[in-house]
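Take a look at the letters that make up each chain.
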Amino acid sequence: MSLMLYTGSKSLEHLEVGIFTVFKNLTIILVAYGERAMFDSPVSPLMLVSFILMIISSIIGGSASQVPDQTGIIWMICNCISSASFVLYMRKAIKTVTFKDFDTVYFNNFLTFPIFLTLSFLLEDWSGLKKHYSSPENSDVLGHLFYGLLMGGICAFAISYTSAWCIRVTSSTTYSMVGALNKLPVAVFGMVFFKEAITTSSVSAVLLIAA
């Protein structure tokens, strides 16, 4: 999980969101065939059609993005592999150890938290954050930061819990495909509420995802 989150953030440092989405959807194929190898789960022709439509949709949606650099591609490949490995291993652990949903959430976050906390203090520069909120004009909004962190933590718990539940009752492939579908409401909300440009490429991408 730590490797998946870290490589994802590094990928976004070098890639635009459109290109990131193109490559991220390739993880679904890795999960499907990894699940076939580990759990003998079939890959039906209809699933293959769905994979192709999602990839085409991602390519159309990211067609307006700039050409990605080599560093971003390398981080993205690592993210796809680590994401697929995490999903497959989590399903295996749930089946082998008979984890309940809260158990899965607890151990995932319990093991990830100290790794990220240590790396954050060792590798990240906290001076800018301290300087920003120590100034009188920004000290009043410090509460908004903690409120945002609290809401982010609650959302992260909800994501972890529902992810564990989905993998336990369905399959890794179904979980990955549902995760790809969340791009549909995000794209629509971006057009409606954030006044993003409505182009032929963006509308075609949304329609293909919906299909």
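For the structure, see preceding data.
Owing to the predicted nature of the structure, the values given are computational and were not obtained by experimental measurement. (Residues numbered from 1 in each chain as written. Predicted model: local features only at pLDDT ≥ 70, side-chain atom pairs only at ≥ 80, totals over all residues. Heavy atoms only, no water.)

Caption draft 1: Summary view of the overall build of the protein chain. Within the protein chain one finds twelve helices and zero strands. Across the 211 residues of the protein chain, 33% fall into the buried class. For the protein chain, the share of sequence-separated contacts (at least 6 apart) that also reach a separation of at least 24 residues comes to 79%. For the protein chain, the exposed area adds up to about 13,400 Å²; of that, 71% sits on carbon and sulfur atoms. (Helix = DSSP H or I, 4+ residues; strand = E, 2+ residues; numbered from the N terminus. Buried < 20%, exposed > 50% of the residue type's maximum accessible area, 1.4 Å probe, protein only. Contact = heavy atoms within 4.5 Å. Areas by Shrake-Rupley, 256 points an atom, 1.4 Å probe, with all protein chains shown as cover.)

Caption draft 2: How the structure looks around a nonpolar patch on the surface. Judged by side-chain polarity, Phe 113, Leu 117, Phe 121, Trp 126 and Leu 129 come together as a nonpolar surface patch covering roughly 510 Å² of accessible area. Looking at the nonpolar patch, the element that brings in the most residues is helix 6 (residues 101-123), giving three residues. (Patch = residues over 30% accessible without salt bridge, like charges linked within 9 Å, V, L, I, M, F, W, Y side chains within 5 Å. Salt bridge = Lys/Arg side-chain N within 4 Å of Asp/Glu carboxyl O.)

Caption draft 3: Focus on the nonpolar core. Counting residues in each nonpolar core, the largest one holds nine residues, listed as Met 4, Val 31, Ala 84, Phe 86, Val 87, Leu 88, Met 90, Ile 94 and Ile 167. The contact partners of Phe 86, leaving out residues within four places of it in the chain, are Met 1, Met 4 and Asn 108. By size, the runner-up hydrophobic cluster in this structure holds seven residues, among which are Ile 28, Met 47, Met 54 and Met 177. (Core = buried A, V, L, I, M, F, W, Y, C linked by side-chain atoms within 4.5 Å.)

Caption draft 4: Up close: the packing of helix 3 (residues 26-39) against helix 5 (residues 70-97). Packing of helix 3 against helix 5 leaves a shortest axis separation of 9 Å and a crossing angle of 35°. Here helix 3 and helix 5 pass one another in a crossing that is right-handed. Taken together, the residues of helix 5 that come into contact with helix 3 (itself represented by Thr 27, Leu 30, Val 31, Gly 34, Glu 35, Met 38 and Phe 39) are Cys 80, Ile 81, Ser 83, Ala 84, Val 87, Leu 88, Arg 91, Lys 92 and Lys 95. Class assignment for the residues of the contact of helix 3 with helix 5 results in nine nonpolar, three polar and four charged. (Axes fitted to C-alpha atoms, helices over the stretch in contact; angles between N-to-C directions. Left-handed = near helix turned anticlockwise from the far one by under 90°. Nonpolar A, V, L, I, M, F, W, Y, C, P; charged D, E, K, R; others polar.)

Caption draft 5: How the structure looks around helix 1 (residues 2-14). Relative to the 18 Å expected for 13 residues at 1.5 Å per residue, helix 1 spans 19 Å between its end C-alpha atoms, a close match to the ideal helical length. Within helix 1, burial applies to Ser 2, Met 4, Thr 7, Gly 8, Lys 10 and Ser 11. (Expected span 1.5 Å × (residues − 1).)

Caption draft 6: Helix 3, seen in detail. For helix 3, spanning 14 residues, the distance from its first C-alpha to its last is 20 Å, which sits close to the expected 20 Å at 1.5 Å a residue. Residues of helix 3 that are buried: Thr 27, Ile 28, Val 31, Ala 32, Gly 34 and Glu 35. Once helix 3 finishes, Asp 40 follows within two positions and takes phi at roughly 60°, a positive value.

Caption draft 7: Molecular detail of the pattern of salt bridges. Using the criterion set out here, one finds one salt bridge in the structure. Arg 91 is the salt-bridge partner of Glu 35, the closest N and O atoms lying 2.5 Å from each other. With a gap of 56 residues between them, Glu 35 in helix 3 and Arg 91 in helix 5 connect regions that are remote in the sequence. Given a relative accessible area of 1%, Glu 35 falls into the buried group. On the basis of relative accessibility, which here comes to 9%, the residue Arg 91 falls in the buried class.

Caption draft 8: Expanded view of the environment of His 132. Within the fold, His 132 resides in helix 7 (residues 127-134). For His 132, a relative accessible area of 38% puts it in the partly exposed group. The sequence separation of His 132 and Leu 142 amounts to ten residues, and the corresponding C-alpha distance is 9.6 Å.

Caption draft 9: Spatial organisation of the packing of helix 5 against helix 9 (residues 142-169). Packing of helix 5 against helix 9 brings their axes to within 10 Å, and their N-to-C directions diverge by 70°. When the axes of helix 5 and helix 9 are compared, the pair comes out roughly perpendicular. Crossing geometry of helix 5 relative to helix 9 is assigned as right-handed. Contact residues: Val 87, Met 90, Arg 91 and Ile 94 in helix 5; Ala 164, Ile 167 and Arg 168 in helix 9. Looking at side-chain class alone, the contact of helix 5 with helix 9 contains five nonpolar, no polar and two charged residues. (Parallel < 35°, antiparallel > 145°, perpendicular 65-115°, else oblique.)

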